[in-house]
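# Coordinate inspection notes
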Amino acid sequence: MPAPVQFSTFRNQIGGIPVIELTRQFGTPAYVYDAATIVERINDLRAFDSIRFAQKACSNLAILDLARRNGVLVDAVSAGEIRRALAAGYAPHGDPPPIVYTADVFDREALELVVKHRLHVNCGSPDMIDQLGERNTGESGNNITLRLNPGFGHGHSRKTNTGGEQSKHGIWHEQLDDCLLRAQRQGLCVTELHMHIGSGTDLEHLRQVCGAMQHAALQVGASVTAISAGGGLPVPYREGESYVDLAAYFSLWDTVRRQLAESFGHGVRLEIEPGRYLVAESGYLITEIRAVKKSGNNTFYLVDAGFNNLIRPSMYGSYHPISIAPASGKVESRPEQDVVVGGPLCESGDIFTQEEGGVVCTRKLPVANVGDFLILEVAGAYGFVMGSNYNSKPLAPEILVSAGRPHLIRARQTFEDLIRGESIPHDTQ
């Protein structure tokens, strides 16, 4: 069980490499991931029979390869993520399935790839069962997973709540019998159930999920050979926050698994599907302070990264630890002051220190100057992957630090990359 984290407002290294050296080599803004942290979080979950990475959290090929080499399976929610998993070396099928396509819809490209590569599917809508069944030739495999919405949800934000009647995710629990009939008509067999009610799950809500999973599995019957606990494992972002009790978390799910195995007369595999838990703490967004300005009573640090690089504060009001790395590269004693941290975008919401609803807040940080570096921490999950080219800003590079060495795993986007595919028609007025 990891110890509670203490966050410092000064940082001079990441993965043993000085921040100043990383900025000299790769510039700013830049995402840096510490491979050792990812492996540590993977090892935290070894009690589960299988760990499946929700790659939507951080889908760089090098991160997927690192997960694969450490025995982690992968989840794909789009055609692009299927292609990424294959490119990172995942086999298309096996036992348990190395790649599972999990979604609430099949777009046409995703369905073609699922059929072509005979991928296992986690169906989140009744229509998916019929659409897969119509393309099923027997070679594509007859086993499927159903993702169920148990009728309730939980999340750190309403936008991350994936259960209840206002969520688009999963098959409504009252439709389970209908879906079993659909699967039977299509020659498909439900062998696994999946429940995920949102990120930030606590143990009290988990007990409800476990009870709902057990009830649903018994309703399906002995064809069930695996259950998935989903993801949503929280990580600390603030001082005073703690990790979930993983031993208690596992025990709740293991109890359900054992009871189902006894009822069915065969073993039941227990899977977990973390995304944020594996990668969040590994990631840092290094920025450079480009302006320090006063606006009334507020002091602003304006940096060269914006919500085009890290949208979580603007979208959810998410809190990220922030630290300063002096441009000198030295650890300096500086007084602290209350500041607002903002980016370069022509958008009032481009503020990293805000609460949900857009309420601008201050953060107590060391006095800093133009040219110092400001680091947004615990930024490895839903950071780069939710980036955009707003204001025609290029995507930042990604760097993986492994065994004390930095590796460029994605080059900084160029202007030529930015306009590739665009054209000006020459026969218009």
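In this text, all values refer to a predicted model and were calculated from it rather than measured experimentally. (Residues numbered from 1 in each chain as written. Predicted model: local features only at pLDDT ≥ 70, side-chain atom pairs only at ≥ 80, totals over all residues. Heavy atoms only, no water.)

A separate point is the nonpolar core. Counting residues in hydrophobic clusters, the biggest one holds 103 residues, and the most contacted among them are Leu146, Leu193, Trp253 and Leu374. Setting aside anything within four residues of it in sequence, one finds leucine 374 in contact with Leu285, Ile286, Thr287, Ile289, Tyr301, Val303, Ile322, Ser323, Ile324, Val341 and Leu365. The next biggest cluster of nonpolar side chains, apart from the first, holds 15 residues, and it includes Ile17, Val19, Val32 and Tyr284. (Core = buried A, V, L, I, M, F, W, Y, C linked by side-chain atoms within 4.5 Å. Buried < 20%, exposed > 50% of the residue type's maximum accessible area, 1.4 Å probe, protein only. Contact = heavy atoms within 4.5 Å.)

With 6 bridges joining them, strand β13 (residues 283-295) and strand β14 (residues 298-303) adopt antiparallel strand pairing. Bridge pairing links valine 292 to tyrosine 301 in β14. The antiparallel pairing of β13 with β14 creates a hairpin that spans 2 residues between the two strands, and glycine 296 there sits at a positive phi of about 65°. In this structure, β14 lies alongside strand β16 (residues 336-342), joined through 3 bridges in parallel fashion. (Pairing = 2+ DSSP bridges. Helix = DSSP H or I, 4+ residues; strand = E, 2+ residues; numbered from the N terminus.)

Here glutamate 273 shows up in the loop between β12 (269-272) and α10 (276-279). Here glutamate 273 sits buried without a salt bridge, and the closest side chain of opposite charge, arginine 52, lies 5.4 Å off (N-O distance). Polar side-chain contacts of glutamate 273 include one of 3.3 Å to the side chain of histidine 194. Excluding its chain neighbours within four sequence positions, the residues that come into contact with glutamate 273 are Arg52, Ala54, Asp75, Thr102, His194, Ser228, Gly230 and Gly231. (Lys, Arg positive; Asp, Glu negative; His and termini not counted. Salt bridge = Lys/Arg side-chain N within 4 Å of Asp/Glu carboxyl O. Polar contact = N/O pair within 3.5 Å; in protein donor to acceptor, adjacent residues only side chain to side chain.)

Let us look at the packing of aromatic side chains. What the rule picks out here adds up to 6 aromatic pairs. Summarising the aromatic geometry, the rings of phenylalanine 307 and tyrosine 390 are spaced 5.6 Å apart at their centres and angled 15° between planes, so their arrangement reads as stacked. A residue pair is termed long-range when its members are at least 10 positions apart, and phenylalanine 307 in the loop between β14 and α11 (312-316) and tyrosine 390 in the loop between β20 (373-377) and β21 (398-402) qualify at 83 residues. By relative accessible area, phenylalanine 307 is classed as buried at 14%. Its relative accessible area of 33% is what places tyrosine 390 among the partly exposed residues. Above the plane of the ring of tyrosine 319 lies arginine 363, whose end atom (NZ or CZ) is 3.8 Å from the centre. (Phe/Tyr/Trp six-rings, centres within 6.5 Å; stacked < 30°, edge-to-face > 60°. Lys NZ or Arg CZ within 6 Å of the ring centre and 35° of its normal.)

Take helix α1 (residues 19-26) next. Burial in α1 covers these residues: Val19, Ile20, Leu22, Thr23 and Phe26. Projection of α1 onto a plane perpendicular to its axis shows the buried side chains occupying an angular sector of 160°, all on one side. Exposed residues pointing more than 90 degrees away from the buried face of α1 are listed as Arg24 and Gln25. One or two positions beyond α1, positive phi appears at glycine 27, with a value near 75°. (Arc of directions from axis to C-beta.)

Another aspect to go through is the packing of helix α2 (residues 35-44) against helix α3 (residues 61-69). Here α2 crosses α3 at 40°, and the two axes come no closer than 11 Å. Comparing the axis directions of α2 and α3 gives the class oblique. Note that α2 runs across α3; the crossing there is right-handed. Listed contacts from α3 to Ala35, Ile38, Val39 and Ile42 of α2 are Ile63, Leu66 and Ala67. For the contact of α2 with α3, the class distribution of residues is 7 nonpolar, no polar and no charged. (Axes fitted to C-alpha atoms, helices over the stretch in contact; angles between N-to-C directions. Parallel < 35°, antiparallel > 145°, perpendicular 65-115°, else oblique. Left-handed = near helix turned anticlockwise from the far one by under 90°. Nonpolar A, V, L, I, M, F, W, Y, C, P; charged D, E, K, R; others polar.)

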